[in-house]
Amino acid sequence: MAPPQKQRYYIHGDQSESDAARYYCAECDVFFPESHFSETHRVKNYDRYDIAMRMLKTTKKNSNEYFRPEFAENLFS
Ligand SMILES: [Zn+2]
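Residues numbered from 1 in each chain as written. Predicted model: local features only at pLDDT ≥ 70, side-chain atom pairs only at ≥ 80, totals over all residues. Heavy atoms only, no water.

- As recorded by an unreviewed UniProt entry, the protein chain carries the name C2H2-type domain-containing protein and is attributed to Jeongeupia chitinilytica.

Right under this line is the structure:
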């Protein structure tokens, strides 16, 4: 029996697994082309990415329901 499918966890700037031309914007909660990330947001792109990476280390997001590949493609890494 196959293990249950874990849901991919995306942080700000992560490349979509289904569309390599799109990246996840955590502020808008939408996948956008790269050009979107030059628009003004409330939090600077790199800051938002950096905060999310810290959160990943301190929480158990890579556990039962969610996973994020260790070397996920990200615009800001
Ligand atoms: Zn956005």
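Having seen it, we continue.
1. A few points about the overall build of the protein chain
Here comes step 1: A tally of regular secondary structure across the protein chain gives one helix and four strands.
Here comes step 2: Its helices and strands in sequence order give the protein chain the pattern β-β-β-α-β, from N to C terminus.
Here comes step 3: By its C-alpha atoms, the protein chain is 45 × 30 × 20 Å across when sized along the principal axes.
Here comes step 4: Classification of the 77 residues of the protein chain by burial places 29% in the buried group.
Here comes step 5: Total accessible area on the protein chain stands at roughly 5800 Å², and carbon and sulfur atoms take up 51% of it. (Helix = DSSP H or I, 4+ residues; strand = E, 2+ residues; numbered from the N terminus. Buried < 20%, exposed > 50% of the residue type's maximum accessible area, 1.4 Å probe, protein only. Areas by Shrake-Rupley, 256 points an atom, 1.4 Å probe, with all protein chains shown as cover.)

2. Concerning the coordination of the zinc ion
Here comes step 1: For the zinc ion, every protein donor is listed as Cys25 (SG), Cys28 (SG), His36 (NE2) and His41 (NE2), and the spread of their distances is 2.0 to 2.2 Å.
Here comes step 2: Angles of 97 to 115° at the metal separate the four donor atoms of the zinc ion, which places the site in the tetrahedral class.
Here comes step 3: Each donor residue of the zinc ion belongs to the same chain, and together they define the spacing C-x2-C-x7-H-x4-H. Of this pair, Cys25 sits in strand β2 (residues 22-25) while His41 is found in the loop between β3 (30-33) and α1 (45-58), placing the two residues 16 residues apart along the sequence.
Here comes step 4: Residue class for Cys25 comes out buried when judged on its relative accessible area of 0%. (Donors = N, O, S within 2.8 Å, 3.2 Å for Na, K, Ca; no water. Tetrahedral: all angles 85-135°; square planar, octahedral: opposite > 155°, others 65-115°.)

3. Details of the side chain of Arg48
Here comes step 1: With respect to the secondary-structure elements, Arg48 resides in helix α1.
Here comes step 2: Of the polar contacts made by the side chain of Arg48, one reaches the side chain of Glu27; its length is 2.8 Å.
Here comes step 3: Setting aside its immediate chain neighbours within four residues, Arg48 contacts His12, Ala26, Glu27 and Val43. (Polar contact = N/O pair within 3.5 Å; in protein donor to acceptor, adjacent residues only side chain to side chain. Contact = heavy atoms within 4.5 Å.)

4. Focus: the pattern of salt bridges
Here comes step 1: Per the stated rule, a full pass over the model turns up seven salt bridges.
Here comes step 2: Between Arg8 and Glu17 there is a salt bridge, and its shortest N-O distance comes to 2.9 Å.
Here comes step 3: Arg8 gets classed as buried once you look at its relative accessible area, which sits at 13%.
Here comes step 4: A salt bridge links Arg54 to Asp50, with the nearest nitrogen and oxygen atoms 2.7 Å apart. Here Arg54 pairs with Asp50, and both are found in helix α1, just four residues apart, close to one helical turn.
Here comes step 5: Its relative accessible area of 21% is what places Asp50 among the partly exposed residues.
Here comes step 6: One continuous salt-bridge network, built from bridges that share partners, spans Arg8, Asp14, Glu17 and Arg68. (Salt bridge = Lys/Arg side-chain N within 4 Å of Asp/Glu carboxyl O.)

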